[in-house]
Amino acid sequence: MSALARPGAGPAPATRGVPPQGRFSSYVHRSAAAGRLAVQPRMGFADLATMREGLREVRDADATSIGTITLDSYTRVNDHDSARAALRTGAELNGFPLVAHGERATRELLESVSGRDFPVQVRHGSALPQPLFRAMVAAGVDATEGGPVSYCLPYSRAPIAKAVSAWAECCELIAEQPDPMHLESFGGCMLGQLCPPSLLVALSVLETLFFREHGLHSISLSYAQQTHPGQDLEALAALRRLGGERLSGADWHVVLYTYMGVFPRTPIGSFRILEESVRLAVRSGTERLIVKTPAEAYRIPTIAENVNALEFAESIAEDEAAREPSFEATDTGIYEEARLLVDSTLELAPTVGEALVKAFSRGHLDVPFCLHQDNANKSRAYVDPRGMLRWAEPGRMPLNVKDFDARRPVSAQGLLGMLGFNERRFDREQLTRVHSRELLVGSGPRSLS
Amino acid sequence: MSQVMRPGKRFIVSSVSSDAHMWNLVFLQLLLEEHGAEVNNLGACVPDELIIDECLSTRPDALILSTVNGHGHLDGLRLIRKIRSEPALEDLRVVIGGKLGVRGAENIVYAEELALNGFDAVFEAGSGIERFEEFLGALESGPSRARPALAPVGAAA
Ligand code: B12
């Protein structure tokens with residue numbers, strides 16, 4: 001694998017002047033400096049042997065790969081007894097029950113595969129993660145993810161105020177360690193779909209500011225691919241610009257997630273949407289990408305499916321670095337909107353944590369369709385005829401939404417239609433045998449804007 | 001043609017204890033409301049006790065459980081056993097649907113056990129919404145009615 005130049009890709013590296021801290025961040029920055037996109041699966045299995053084999057195969061993949069341990073849902077909601085019971089009876093879980101396996105077994109697992117050239121991240125989704133953080137610290141985990149909003153609203157019924165204090169405690173626990181874990185905000189995902197880019201960018205920035213407030217220096221900002229590559233490119237530039245303005249003194253980078261909403265069902269559609277996310281990552285100068293597989297719409301992916309997706313991503317990344325851009329960023333004011341949300345939220349209280357609690361209690365921040373009791377759930381989003389994700393209804397958020405046409409109640413079928421936008425966009429090719437790019441070129445300007 | 005559900009029915013829509021997915025719940029709420037029903041949506045990660053308390057205090061026409069995270073065969077089984085051991089809820093209409101295990105198309109293997117333990121119907125993802133609408137159309141007005149010994153089980157597609 002040769003080092004790749006990235007013509008016209010992204011601005012200068014994020015961490016000018018701040019040396020990478022820890023194994024995880026060092027690996028990401030070393031890869032970026034060599035012109036390589038670091039790629040990571042979403043992978044978790046209940047039993048130790050399968051988990052170990054999975055990590056080994058990811059390590060040995062023909063890609064600039066990072067390892068992932070995705071945790072099961074019982075561990076996420078602190079029902080460790082149910083996780084232990086499942087390990088005893090052999091009942092199938094949807095991920096790795098880290099606390100139930102315990103810190104010793106987890107440390108042994110990590111020591112058997114991870115290293116300077118293969119850091120491993122634990123991905124969970126736990127609003128009140130104190131037991132998990134204690135176990136991760138004891139087991140010597142390189143990195144994890146989350147945040148007081150992004151792991152509370154979509155993942156629990158814990159009050160935000162409680163999640164804020166739990167996450168403060170956990171950040172401080174990491175910060176006290178001689179070699180602190182890297183922490184990634186999951187704020188760029190929220191419910192996986194139908195959350196407009198400006199709010200994703202704002203939440204990601206606010207969560208990393210919260211991490212900073214609680215003593216962390218090695219952090220990452222996230223963003224999830226949405227419905228329109230030009231709009232996503234604009235959002236990633238806004239995220240990087242805000243990171244540069246707000247995270248000085250920190251060691252940070254950006255991670256992109258391949259689409260987190262209702263996924264294409266055909267193999268071709270799945271690889272095409274993954275392809276688009278890889279091109280987006282390279283084009284935006286994003287350092288790390290978390291991939292998805294053709295199993296997504298159906299079930300947890302196998303080890304082989306994950307390895308295929310990583311190797312496919314690596315080859316598309318090389319291809320994208322060597323070619324002319326095929327899409328351009330839109331100019332719809334995502335940066336300005338995200339900055340407004342960040343600043344007006346921070347004005348609400350002296351600390352980031354309190355400001356987040358207040359902002360949600362007033363509907364000043366409001367995640368569309370999110371049923372969590374602390375979310376106002378007055379805002380609405382829709383996919384416009386050009387495929388861009390936009391606000392239909394801002395609720396009480398300080399946004400200037402002019403699109404009154406879009407303000408109508410959504411029906412059950414209408415909701416499925418919006419959720420299925422990317423599924424249709426990418427499955428069309430295999431279902432009708434027409435290449436999606438031909439369709440795009442045929443139906444509009446090349447910039448897709 | 002299936003019967004159309006009589007308006008004015010009351011439903012509880014809920015996830016199970018370990019499942020955080022919400023879009024399925026939002027969808028089911030909209031669908032039921034379009035059929036003229038009143039919906040109490042309990043949201044995600046709902047503890048068994050909260051579901052049981054809500055059923056006892058509000059006496060819905062049916063409890064509609066939805067879960068896709070793959071733990072439905074565990075959480076759903078534990079929950080339905082608790083519900084059926086509550087004398088006042090023995091006859092409550094309770095159905096479950098979604099992705100009930102982590103076996104993809106083979107999740108249908110869980111349907112029978114779930115039904116045998118007291119679910120009135122099991123709708124594995126992909127079995128289509130028509131069968132659910134038939135179930136709704138067949139709901140009788142008035143309070144509970146005795147459940148058949150072995151309720152029909154939804155086949156996967
Ligand atoms: C969006 C999403 C998320 C979001 C959810 C945000 C939120 N809070 O709602 C986020 C990113 C947070 C998330 C998290 C997780 N997810 Co998720 N998620 C998805 C995804 C991509 C789309 C789901 C969706 O929005 N569907 C739209 C709704 C409307 O459709 P639906 O849920 O399928 O429901 C339809 C039918 O199933 C049916 N139905 C559902 N319930 C019922 C009930 C009845 C009575 C009836 C009649 C019908 C019915 O009707 C609906 C309309 O057609 C799916 C994969 C996919 N489908 O593409 C994975 C998926 C469901 N997630 C999965 C998993 C495992 C998780 C995690 C555990 C993380 C992990 N290990 O990967 C966590 C969950 C944590 C927890 N505590 O549960 C797996 C489940 C695997 C399995 N069952 O085998 C999937 C399939 C992805 C995968 N392939 O691994 N997820």
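Residues numbered from 1 in each chain as written. Chains lettered and ligands numbered in written order. Predicted model: local features only at pLDDT ≥ 70, side-chain atom pairs only at ≥ 80, totals over all residues. Heavy atoms only, no water.

Residue and element names in this part refer to chain B. With parallel pairing, the five strands of this open sheet are ordered in space as β2-β1-β3-β4-β5. The sheet is open, and its two edges are formed by β2 (38–41) and β5 (121–124), each paired on a single side. Within this sheet the neighbouring strands show an average axis-to-axis angle of 20°, counted without direction. Pairing of strand β1 (residues 10–14) with β2, which is carried by four bridges, proceeds in the parallel orientation. Bridged to F11 within β2 is V39. Packed on one face of the sheet, helix α3 (residues 72–84) meets β3 (62–67) and β4 (94–98) and runs near 175° to β4. (Pairing = 2+ DSSP bridges. Helix = DSSP H or I, 4+ residues; strand = E, 2+ residues; numbered from the N terminus. Axes fitted to C-alpha atoms, helices over the stretch in contact; angles between N-to-C directions. Contact = heavy atoms within 4.5 Å.)

Inspection of the region around the ligand gives 42 residues, with A:Q193, A:R299, B:H21, B:M22 and B:S66 positioned closest. In this structure, the ligand sits where chains A and B come together, each supplying nearby residues. Interatomic distance of 3.2 Å between a side-chain N/O atom of A:S73 and an oxygen atom of the ligand. B:D19 places a polar side-chain atom, nitrogen or oxygen, 3.5 Å from an oxygen atom of the ligand. Put simply, the parts of the chain that give the shell around the ligand at least two residues each are α3 (73–76) and α14 (412–419) of chain A together with α1 (23–34), β3 and β4 of chain B. (Near = heavy atom within 4 Å. Polar contact = N/O pair within 3.5 Å; in protein donor to acceptor, adjacent residues only side chain to side chain.)

All right, on to the pairing of strand β10 (residues 389–393) of chain A then. A regular strand places its side chains so that they alternate between the two faces of the sheet. All names here are of chain A. Both strand β9 (residues 380–383) and β10 contribute to a ladder of four bridges, which runs antiparallel. When the sheet's bridge partners are listed, R380 is paired in β10 with E393. Linking β9 back to β10 in an antiparallel pair, the connection comprises five residues, with G387 at a positive phi of about 90°.

This brings us to the domain arrangement of chain A. Residue and element names in this part refer to chain A. Assigned domains of chain A: these are domain 1 (22–321) and domain 2 (339–421). On a C-alpha basis, the centres of domain 1 and domain 2 stand 24 Å from each other. Residue-level contacts link 35 residues of domain 1 with 35 residues of domain 2. Taken together, the two surfaces of domain 1 and domain 2 that pack against each other cover about 3,000 Å², and 76% of this comes from carbon and sulfur. Contact with domain 2 buries area across many residues of domain 1, yet L153, L194 and L206 alone supply 24% of it, more than any other trio. Across the contact surface, domain 1 and domain 2 share one salt bridge. Contributions of two or more residues to the side of domain 1 that touches domain 2 are made by α7 (160–176), α8 (197–213) and α9 (229–246). Ranked by residue count, the leading element in the side of domain 1 that touches domain 2 is α8, at 10 residues. For the side of domain 1 that touches domain 2, the per-class residue count stands at 25 nonpolar, seven polar and three charged. (Domains from an automatic or database assignment. Buried area = accessible area lost by both parts, 1.4 Å probe. Salt bridge = Lys/Arg side-chain N within 4 Å of Asp/Glu carboxyl O. Nonpolar A, V, L, I, M, F, W, Y, C, P; charged D, E, K, R; others polar.)

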